[in-house]
Amino acid sequence: MTPPIPRRALGRSGLTVSALGLGCMGMTHAYGSGDDTESVATIHRALDLGVTLLDTADQYGPHTNERLVGRAIAGRRDEVVLATKFGIVLDPSDPLARGYDGSPAYVRSSIEGSLRRLGVDHVDLYYLHRVDPTVPIEDTVGTMAELVQAGKVRYLGLSEAAADTIRRAHAVHPIAALQTEWSLWSRDLEGDVVGTCRELGIGLVPYSPLGRGFLTGAITSPDDFGPDDYRRHSPRFQGAAFEQNLRLVARVRELAAAKGVTPSQLALAWVLARGDDVVPIPGTKRRSYLEQNLGALDVTLDAADLKLLDDIVPAGDRYPDMRFVAGVSPER
């Protein structure tokens, strides 16, 4: 019998989830073509194994990811802590163009669209995907709090927010979780952001804990990516940065082999070791990778292991230069 997946509390919010969640973005968005049948089977397998936290967003697709997740959880809603996000608006003709909208009207319209696509009457964790610099965070979170009062949302979250913004938001309504990139090669939040979250009792939900697949050790060339793969535009997957990062991954592979685990499991174990308030959401669209990732829960890292891994520093920026545009994504 498979041992139960341990649970972790997201800060002091009262929300408890599986120690590893499942990021669903790649099933329909950013990383090439998907297979809806296998993706639904992956979500079902995750639930069967005791994963409770499923993460999506209205931006992914846009909108197709929420529909897929909605189909997958039909009839199993009570097994899921369902998280989705809003606030990024897209230009469908340009993959490197985006805008942000945190206006009260957009908050209200976005939740209605997400509930409809997901086929549910409430979302457990509703994130502001990116902070809109043109709207006071108090106005955005104040409107999100109205959704809690209306029973459409249970808990509120932020994504990629700065420490001062987190404080201001939390003063309006308790923030349960901050979702941000955190992995062996993405450490930007360490310091003020992590410290602020822990002071306020806010859980940490790292996305891309496997470095967008790089830390799996399976990527050896930029040619591994299809023409519609987001990573073709990512600075860390190009030129000299790519070659330097391959050398870093070789160190991860070496230590993983010495411990008898996969590079993915080692990388996830490092994130899990950041604290009991940390719940990574590695993304996959295949059952085999899901099961491999869950093996990270059985990996123990000692002080020497952590020191070796902590010294890894990636080359290249996290994101390509984006063109910021006004407007909204189609079919809210």
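Report on the accompanying structure.

What counts, and where the lines are drawn
Residues numbered from 1 in each chain as written. Predicted model: local features only at pLDDT ≥ 70, side-chain atom pairs only at ≥ 80, totals over all residues. Heavy atoms only, no water. Core = buried A, V, L, I, M, F, W, Y, C linked by side-chain atoms within 4.5 Å. Buried < 20%, exposed > 50% of the residue type's maximum accessible area, 1.4 Å probe, protein only. Helix = DSSP H or I, 4+ residues; strand = E, 2+ residues; numbered from the N terminus. Axes fitted to C-alpha atoms, helices over the stretch in contact; angles between N-to-C directions. Parallel < 35°, antiparallel > 145°, perpendicular 65-115°, else oblique. Left-handed = near helix turned anticlockwise from the far one by under 90°. Contact = heavy atoms within 4.5 Å. 1 Å grid on protein atoms, 1.4 Å probe; cavity = no way out; pocket = protein on both sides within 12 Å on 5 of 7 lines; lining within 4 Å. Points joined across faces, edges and corners; volume = space filled by probe spheres on them. Nonpolar A, V, L, I, M, F, W, Y, C, P; charged D, E, K, R; others polar. Salt bridge = Lys/Arg side-chain N within 4 Å of Asp/Glu carboxyl O. Pairing = 2+ DSSP bridges. Right-handed = clockwise from strand over helix to strand, strands pointing away.

Further remarks concern the nonpolar core. Generally speaking, nonpolar side chains in soluble globular proteins are found buried as a group. Ranked by internal contacts, the top residues of the largest apolar core, which has 78 residues, are Leu 22, Ile 43, Leu 158, Ile 166 and Leu 178. Considering every element that reaches this core, the biggest residue donor is helix α8 (residues 263–272), with seven residues. Counting residues in each nonpolar core, the second largest holds 15 residues, with Leu 10, Leu 15, Leu 125 and Val 279 among its members.

For the pair helix α1 (residues 36–49) and helix α2 (residues 64–73), interaxial distance at closest approach is 9 Å and the crossing angle is 55 degrees. Looking at the two axes, α1 sits oblique to α2. At the point where α1 passes α2, the crossing takes the right-handed sense. Every residue of α2 that contacts α1 at Asp 36, Ser 39, Val 40, Ile 43 and His 44 is listed here: Leu 68, Val 69, Arg 71, Ala 72 and Ile 73.

Quick look at empty space enclosed by the protein now. With the rule as written, the count across this model stands at three cavities of 30 Å³ or more. In this structure, the largest cavity encloses a volume near 50 Å³. Taken together, Leu 20, Gly 21, Leu 22, Val 51, Pro 282, Thr 284, Leu 290, Asn 293 and Leu 294 form the lining of the largest cavity. Counting residues per element, the lining of the largest cavity draws most heavily on helix α9 (residues 287–294), which supplies three residues. Residues of the lining of the largest cavity, tallied by class, amount to six nonpolar, three polar and no charged.

Per the counting criterion, the structure on display carries 20 salt bridges. Measuring nitrogen to oxygen at the nearest pair gives 3.0 Å for the salt bridge that ties Glu 190 to Arg 187. Judged by its relative accessible area of 35%, Glu 190 falls in the partly exposed class. Connected through salt bridges with shared partners, the residues Arg 187, Glu 190, Arg 274 and Asp 310 form a single ionic network.

This brings us to the sheet that holds strand β10 (residues 175–181). Strand order in the open sheet made by the seven strands is β3-β4-β5-β8-β9-β10-β11, with parallel pairing throughout. Lying at the two open borders of the sheet, with one neighbouring strand each, are β3 (22–23) and β11 (203–207).

This part is about the pairing of β10. The buried fraction of β10 amounts to seven of the seven residues, a majority that puts the element mostly inside the structure. As paired strands, strand β9 (residues 153–159) and β10 are joined by four bridges and run parallel to one another. When the sheet's bridge partners are listed, Leu 158 is paired in β10 with Leu 178. Pairing of β10 with β11 involves five bridges; the strand directions are parallel. Of the residues in β11, the one forming a bridge with Glu 181 is Tyr 207. Regarding topology, helix α6 (residues 192–200) serves as the crossover connection from β10 to the parallel β11, and that connection is right-handed.

A large share of β9 lies buried, amounting to six of its seven residues. Taken together, the five bridges between strand β8 (residues 123–128) and β9 define a ladder with parallel strand orientation. By the bridge assignment for β9, Leu 128 is matched with Leu 158. A crossover links β9 with its parallel partner β10, the connecting element being helix α5 (residues 163–172), and its sense is right-handed.

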